[in-house]
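Working through the structure, step by step
The primary structure of each chain is shown beneath.
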Amino acid sequence: YAGFPPPWQLTKRAMEVLCLGLLALGHVNLGEPQAGVNVARVALDMSLEINNVWVQAYSVLNLNHALLEVGEYEEALRVTQKGVELARTLPNPTLLFFMLTVLGAAHQAMLRLEEARTTLMESLALTDAIAIPSYQVLATSRLCANQALAGDWKNAHAYALETVAVRNTIETSLLFIDFIRYHETEALLQGGDEAWAREDVQRFGASISTNRRHRLPYLRALATQAQWDGETREAIAYLEEAALLANEIGLPGELWQIQVALGEAYISCGEREQEYQAFARAVAIVQELAEKMGDEALRTKFLAEPAIRRVLERAQA
């Protein structure tokens, strides 16, 4: 992984970069994304200093996990695309798999669903060569979310079934960067597998312990389940807790979507003032995310994506 044989004089520096990358990943999974960004930037600078393409690619990978969390989409997209180019030059399918997965996540965060799906399908194709079940979950879970966001519940359900089946065979309580399980919950419910959906949510809740970052998707899964049951007030309570947590952690990409879900739930209850405030907060966050993008074409395309446009129009109405 370090790219050099052990006797090489820069091996220790390269190994230090890899350790910093793992530390950055740990911060992200604990709900400390800005700390993850800071550590990952140090790792990337060091990898450039020693001119090691292998650890540079790993540094880019872990930096971009953190950048997506804090809403730095333009930088994440630009740096990840470069990382994919680097990974394609190296004889390591695992590294390319991870780079493609995070590139797909970057596209998906910006709601570029077609680009995300194409990239994630390529990453999924690599899992046969890698043969590590937890890696397959990272791809199929994102593909489930991709199809759910596109409104294709048939394919979302198929990916959800595949993801849950594989995840249940893995002997670990939590998988890293596994933050979008609530899409699987909805896809299972939509597909008629209600019992499986409830069992998966229950298993998820039992595994998270005190982990704040994983509690967020758990709350969103509970809200999805409550809404399915017609318990709108209960769903609102879960979403309000999720919004507070996303704000505390500093996850703008999560927060604007939670505010949209809250706005829609308030509509069901006839609470027009709360509805207005939720959509207004969602719009403010979306605009802040867009303002971070220096590339005008990228910013314009982001604001023109159908899901973003619907939020902006709803707030105006």
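These numbers come from a predicted model, not from an experiment.

Criteria and thresholds
Residues numbered from 1 in each chain as written. Predicted model: local features only at pLDDT ≥ 70, side-chain atom pairs only at ≥ 80, totals over all residues. Heavy atoms only, no water. Helix = DSSP H or I, 4+ residues; strand = E, 2+ residues; numbered from the N terminus. Buried < 20%, exposed > 50% of the residue type's maximum accessible area, 1.4 Å probe, protein only. Areas by Shrake-Rupley, 256 points an atom, 1.4 Å probe, with all protein chains shown as cover. Lys, Arg positive; Asp, Glu negative; His and termini not counted. Charge placed at Lys NZ, Arg CZ, Asp CG, Glu CD. Axes fitted to C-alpha atoms, helices over the stretch in contact; angles between N-to-C directions. Parallel < 35°, antiparallel > 145°, perpendicular 65-115°, else oblique. Left-handed = near helix turned anticlockwise from the far one by under 90°. Contact = heavy atoms within 4.5 Å. Nonpolar A, V, L, I, M, F, W, Y, C, P; charged D, E, K, R; others polar. Phe/Tyr/Trp six-rings, centres within 6.5 Å; stacked < 30°, edge-to-face > 60°. Lys NZ or Arg CZ within 6 Å of the ring centre and 35° of its normal. Salt bridge = Lys/Arg side-chain N within 4 Å of Asp/Glu carboxyl O.

**Topic: the overall build of the protein**
For the protein, the count of helices and strands is 17 helices and 0 strands. Dimensions of the protein, computed from C-alpha atoms along their principal axes, come out at roughly 70 × 45 × 35 Å. Across the 317 residues of the protein, 55% fall into the buried class. By element, 53% of the accessible surface of the protein is carried by carbon and sulfur atoms, the whole surface being about 14,200 Å². Averaging the coordinates of the 27 positive side-chain charges in the protein and doing the same for the 40 negative ones gives two points 2 Å apart.

**Focus on the packing of helix α14 (residues 252-269) against helix α15 (residues 272-291)**
Contact pair α14 / α15: the axes reach a minimum separation of 8 Å and the direction vectors enclose 160°. Viewed along their axes, α14 and α15 adopt a mutual orientation that is roughly antiparallel. In the packing of α14 onto α15, the handedness of the crossing is left-handed. Contacts between α14 and α15 involve P252, G253, L255, W256, Q259, V260, L262, G263, E264, Y266 and I267 from the former and Q274, E275, A278, F279, R281, A282, I285, V286 and L289 from the latter. Considered class by class, the residues forming the contact of α14 with α15 number 13 nonpolar, 4 polar and 3 charged.

**Here's the deal with the packing of aromatic side chains**
Per the stated rule, a full pass over the model turns up 6 aromatic pairs. Seen in terms of ring centroids, Y73 and F302 are 6.4 Å apart; in terms of plane orientation they differ by 65°. Their pairing is edge-to-face. Of this pair, Y73 sits in helix α4 (residues 73-88) while F302 sits in helix α16 (residues 296-304), placing them 229 residues apart in sequence. Judged by relative accessible area, Y73 falls into the buried class, the value being 3%. A relative accessible area of 1% places F302 in the buried class. An aromatic cluster is present here, built from F97, F98, Y135 and F176 joined pairwise through their rings. Lying across the ring of F179, R213 places its NZ or CZ 3.9 Å from the centre. Here the guanidinium or amino end of R220 rests over the ring plane of Y182, the centre of that ring lying 4.0 Å away.

**Concerning unusual backbone geometry**
Of note, the phi angle at N51 is positive, near 55°, even though the residue is not glycine. Positionally, N51 belongs in the loop between α2 (33-49) and α3 (53-70). By relative accessible area, N51 is classed as exposed at 63%. Of note, the phi angle at S209 is positive, near 55°, even though the residue is not glycine. Within the secondary structure, S209 sits in the loop between α11 (194-207) and α12 (212-228). On the basis of relative accessibility, which here comes to 65%, the residue S209 falls in the exposed class.

**Re the environment of W228**
Here W228 is to be found in helix α12. We classify W228 as partly exposed; its relative accessible area is 39%. Once the C-alpha coordinates of W228 and C19 are considered, the two residues, 209 residues apart in sequence, prove to be 43 Å apart.

**Digging into the side chain of T119**
As for its placement among the helices and strands, T119 is situated in helix α6 (residues 113-125). For T119, the residues in contact, after removing those within four places along its chain, are L100, L103, G104 and H107.

**Comments concerning the environment of V283**
Residue position: V283 is located in helix α15. Between the C-alpha atoms of V283 and D200, which are 83 residues apart in sequence, the distance is 32 Å. Excluding its chain neighbours within four sequence positions, the residues that come into contact with V283 are V311, L312 and A315.

**A closer look at the packing of α3 against α4**
In helix packing, the relevant descriptors are the interaxial angle and the interaxial distance, both defined with respect to the helix axes. It is at 9 Å that the axes of α3 and α4 come closest, and there the two elements cross at 155°. Here α3 is positioned roughly antiparallel relative to α4, judged by the angle of their axes. Handedness of the α3/α4 crossing: left-handed. Counting all contacts with α3, which are made through V53, Q56, A57, V60, N64, L67 and L68, the residues of α4 involved are Y73, E75, A76, V79, T80, K82, G83 and L86. When grouped by side-chain class, the residues that make up the contact of α3 with α4 number 9 nonpolar, 4 polar and 2 charged.

**A word on the pattern of salt bridges**
Under the defined criterion, the tally for this structure stands at 20 salt bridges. Among the ionic pairs, R13 bridges to E49, the shortest N-O distance being 3.2 Å. Here E49 lies in helix α2 and R13 lies in helix α1 (residues 11-29), a separation of 36 residues in the sequence. Here E49 falls in the exposed class, since its relative accessible area comes to 59%. A salt bridge links R220 to E254; the shortest N-O distance between them is 3.0 Å. Taken together, the residues span a long stretch of sequence, with R220 in helix α12 and E254 in helix α14 at a distance of 34 residues.

Any functional reading would require information that these geometric values do not contain.
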